[in-house]
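Chain and residue survey
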Amino acid sequence: MLCSKKMREQVVFKSTLIFLFIYSVISTLPEDPINCSSNNTNCTITNTYGVFPDRSICQAGEVMYPTTEEELISMVASASKNNIKMKAATRFSHSIPKLVCPDGQNGLLISTKNLNQILKIDAEAMTMTVESGITLRQIISEAAKAGLALPYTPYWWGITIGGLMATGAHGSTLWGKGSAVHEYVVELRIVSPAGPEDGYAKVRDLNECDEDLNAARVSLGVLGVISQVTLKLEPLFKRSLTYLKKNDSDLGDELINFGRKHEFADVTWYPSQKKAVYRIDDRVSLNKSGNGLYDFIPFRTTLSAELAIGRSTEEFQEAIQDANGKCVSAKLTTATLEVAGYGLNNNGLFSGYPVVGFNNRMQSSGTCLDSLNDVKITACPWDSRIKGEFFHETAFSIPLSVIKNFIEDVQKLVELEPEALCGLELYNGILMRYVTASKAYLGKKDDAVDFDITYYRSKDPLAPRLFEDILEEIEQIGLFKYGGLPHWGKNRNIGFVEAIQKYQNADKFLKVKEVYDPRGLFSSQWTDQVLGLKEGLTISKDGCALEGLCICSQDSHCAPDKGYFCRPGRIYKEARVCTLCT
């Protein structure tokens, strides 16, 4: 017998409070994404979420862990001489798609796990040279000790400089050079395959005078292994942050002006609640009092048992089609985050806005990585070893010129189905960050807003989600109606369909790729498909549209046995989505 609505609300409320506030215990460091049967051979690699979009686990014949550039060169040379496929792998592997997979069990993984040193900080020139396996957290911390700052970064610090460059990872700003970390790279060393005349490996030193740097800034890992990166920094500064919650009725009109007005602005949108939270975030004088810290609550450690309760609750809501229950859960989650200041604190305790602090304490977080090795007690919420979060993530950037139109389309869908996007709000809504046009060949081509959308994924690949069609339509509106560019480190397969054709400098990138790796030793079938060199990016099979492996063209691509059939979108008729027909 089902619980009453009131009882369900009480359970969700208690779970939400514990989920958000149990963070003083110590969490579990995610395990290495590479596992080998013996002596670093016969290996598999996945991502930190435990599964790629097609639910495969990639195989490799061997993994190597260089500790110096000399060792790295030797490894690339040996594989190049023997014509072995290679891929660089990072410690945490936060990219969702299959960028890291070599082709088959004979491939080689080269992990940058031990290439994690600060090589030089030049305070006068305001530069920092690091190895490619160093984490964003280390960069931020060590720069601050020298009185310097990398001004714009992703919000999650558990990523490496090599990994974030390969995928074009970014923070949020329309100011200066923009929010992408690769825009602040002034020098780079990359090790690529070569012929016998070069000892089978070639090290290239690129700087801002080299056109090839525009290919290496966002490389998808197909040019070789980045060895070293030199970043241009600036003097450490303070910033002041205030969150302001408003009705979303004028969101389309306000979004552009807001980004231009505030240097570190972003907006979190709760479309089913018809609310938006504006991040008013700007530099202030060093004399401004405050030693604030941003320890974002969803990135904190959480009790594994409570994560299991949260996941079980959402699975139950999905199973009984309890849309209202999801909306109740979402409102409790977002309200609790709001009361807690989202993880901000003023000198140790959140006591209201504004929160003022040094940039290194405000720009990025991820304390669930501070750990003891006992996943049975605590973990990062998405740790694949526990029953925790399991989700799809769709992320694309839409040019400022059509932002208002996209916002209005989503609002039209909400008017048709008011409860449709409550599931997104369980994952703190749609995060909208600002990005700028880049010279990088595979970087953003326009000033844009990046939409980051996280939502429930079933453990059963053939199980449709609540409001499956609404989420698919939003995805297709963003990617195809408005030509959104995919985030290279996120997205389901359809996010990359014909994406390379949207980049005006794609041909230049491919020419550099041909020079650096003419045999394609750092490429795979998947990267060739994404770059338009091979067909087969989408997978046509029963239920493929449910996982974003295809856009449905026939009913079997959905779940006809569960009442979901392939139909046109509700407002974007060119879309093809899996619709529940009753």
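In case you missed it, the structure is sitting above this.
Now for a description of the structure that goes with this document. This is a predicted model, so every value here is computed, not measured.

Observations concerning the overall build of the protein chain
Check the secondary structure of the protein chain and you find 14 helices and 26 strands. For 582 residues, the compact-globule estimate of 2.2 N^0.38 gives 25 Å, and the protein chain sits close to it at 23 Å. Overall, the protein chain is about 75 × 60 × 50 Å in size when its C-alpha atoms are taken along their principal axes. Looking at the 582 residues of the protein chain, the share that counts as buried comes to 59%. Restricting the contact set of the protein chain to residue pairs at least 6 apart, pairs at least 24 apart contribute 72%.

Considering the nonpolar core
The nonpolar side chains of a soluble globular protein tend to be buried with one another. Ranked by internal contacts, the top residues of the largest apolar core, which has 83 residues, are Ile161, Leu188, Leu223, Leu231 and Leu442. Excluding residues that lie within four positions of it along the chain, Leu188 makes contacts with Met165, Arg204, Asp205, Leu206, Leu213, Ala216, Ile226 and Gln228. Grouped together as the second largest cluster of nonpolar side chains are 41 residues, Phe258, Ile398, Ala420 and Val577 included.

Quick look at the state of the cysteines
Structurally, a disulfide amounts to a covalent bond that connects the sulfur atoms of two cysteines. The final tally for this structure, using the stated rule, is seven disulfides. Through a disulfide, Cys58 is tied to Cys101; the S-S separation comes to 1.9 Å. When the S-S torsion is 75 degrees, as for the bridge of Cys58 with Cys101, the disulfide is right-handed. With Cys58 in strand 3 (residues 58-64) and Cys101 in the loop between strand 4 (86-89) and strand 5 (108-111), this residue pair connects regions lying 43 residues apart in the sequence. Across the pair, exposure class does not vary: Cys58 and Cys101 are buried alike. Each disulfide pairs two cysteine sulfurs, and for Cys327 the partner residue is Cys422, the sulfurs being separated by 2.0 Å. Between Cys327 and Cys422, the S-S torsion sits near 85 degrees, and that sign places the bridge as right-handed. Taken together, the residues span a long stretch of sequence, with Cys327 in helix 8 (residues 323-339) and Cys422 in helix 11 (residues 422-425) at a distance of 95 residues.

Some words on the sheet that holds strand 5
The five strands are arranged 1-2-3-5-4 in an open sheet whose pairing can be described as mixed. Looking at which strands have only one partner, the edges of the open sheet turn out to be strand 1 (34-38) and strand 4. Taking each pair of neighbouring strands and ignoring which way they run, the sheet shows an average axis angle of 40 degrees. As paired strands, strand 2 (residues 41-45) and strand 3 are joined by four bridges and run antiparallel to one another. Bridge pairing in strand 3 places Thr41 opposite Glu62. Strands strand 3, strand 4 and strand 5 of the sheet are contacted by helix 2 (residues 69-81), whose axis makes an angle of about 170 degrees with strand 5.

Let's talk about the packing of helix 7 (residues 304-319) against helix 8
One can describe the packing of helix 7 onto helix 8 by two numbers: an axis separation of 8 Å at closest approach and a directional angle of 150 degrees. With respect to helix 8, the axis of helix 7 lies roughly antiparallel. Between helix 7, through Glu314, Gln317 and Glu318, and helix 8, the contact on the second element is made entirely by Gly325, Lys326 and Ser329. Class assignment of the residues belonging to the contact of helix 7 with helix 8 gives a composition of no nonpolar, three polar and three charged.

Notes on the packing of aromatic side chains
Counted under the stated rule, the structure contains 22 aromatic pairs. A centroid spacing of 6.4 Å and a plane angle of 70 degrees characterise the contact between Tyr243 and Tyr294, whose relative ring orientation is edge-to-face. Here Tyr243 is found in strand 13 (residues 238-247), whereas its partner Tyr294 is found in strand 16 (residues 293-294), with 51 residues between them in sequence. Residue Tyr243 shares its accessibility class with Tyr294, and that shared class is buried.

Section: unusual backbone geometry
Note that the residue after Tyr353, namely Pro354, is joined by a cis bond; omega there is -5 degrees. Checked against the element boundaries, Pro354 lands in the loop between strand 18 (344-345) and strand 19 (355-358). In the Ramachandran plot, Asn42 falls in the positive-phi region, its phi being about 55 degrees despite a non-glycine side chain. As for its position among the elements, Asn42 is in strand 2.

The rules behind each value
Residues numbered from 1 in each chain as written. Predicted model: local features only at pLDDT ≥ 70, side-chain atom pairs only at ≥ 80, totals over all residues. Heavy atoms only, no water. Helix = DSSP H or I, 4+ residues; strand = E, 2+ residues; numbered from the N terminus. Rg over C-alpha atoms; globule rule 2.2 N^0.38 Å. Buried < 20%, exposed > 50% of the residue type's maximum accessible area, 1.4 Å probe, protein only. Contact = heavy atoms within 4.5 Å. Core = buried A, V, L, I, M, F, W, Y, C linked by side-chain atoms within 4.5 Å. Disulfide = S-S within 2.5 Å. Pairing = 2+ DSSP bridges. Axes fitted to C-alpha atoms, helices over the stretch in contact; angles between N-to-C directions. Parallel < 35°, antiparallel > 145°, perpendicular 65-115°, else oblique. Nonpolar A, V, L, I, M, F, W, Y, C, P; charged D, E, K, R; others polar. Phe/Tyr/Trp six-rings, centres within 6.5 Å; stacked < 30°, edge-to-face > 60°.

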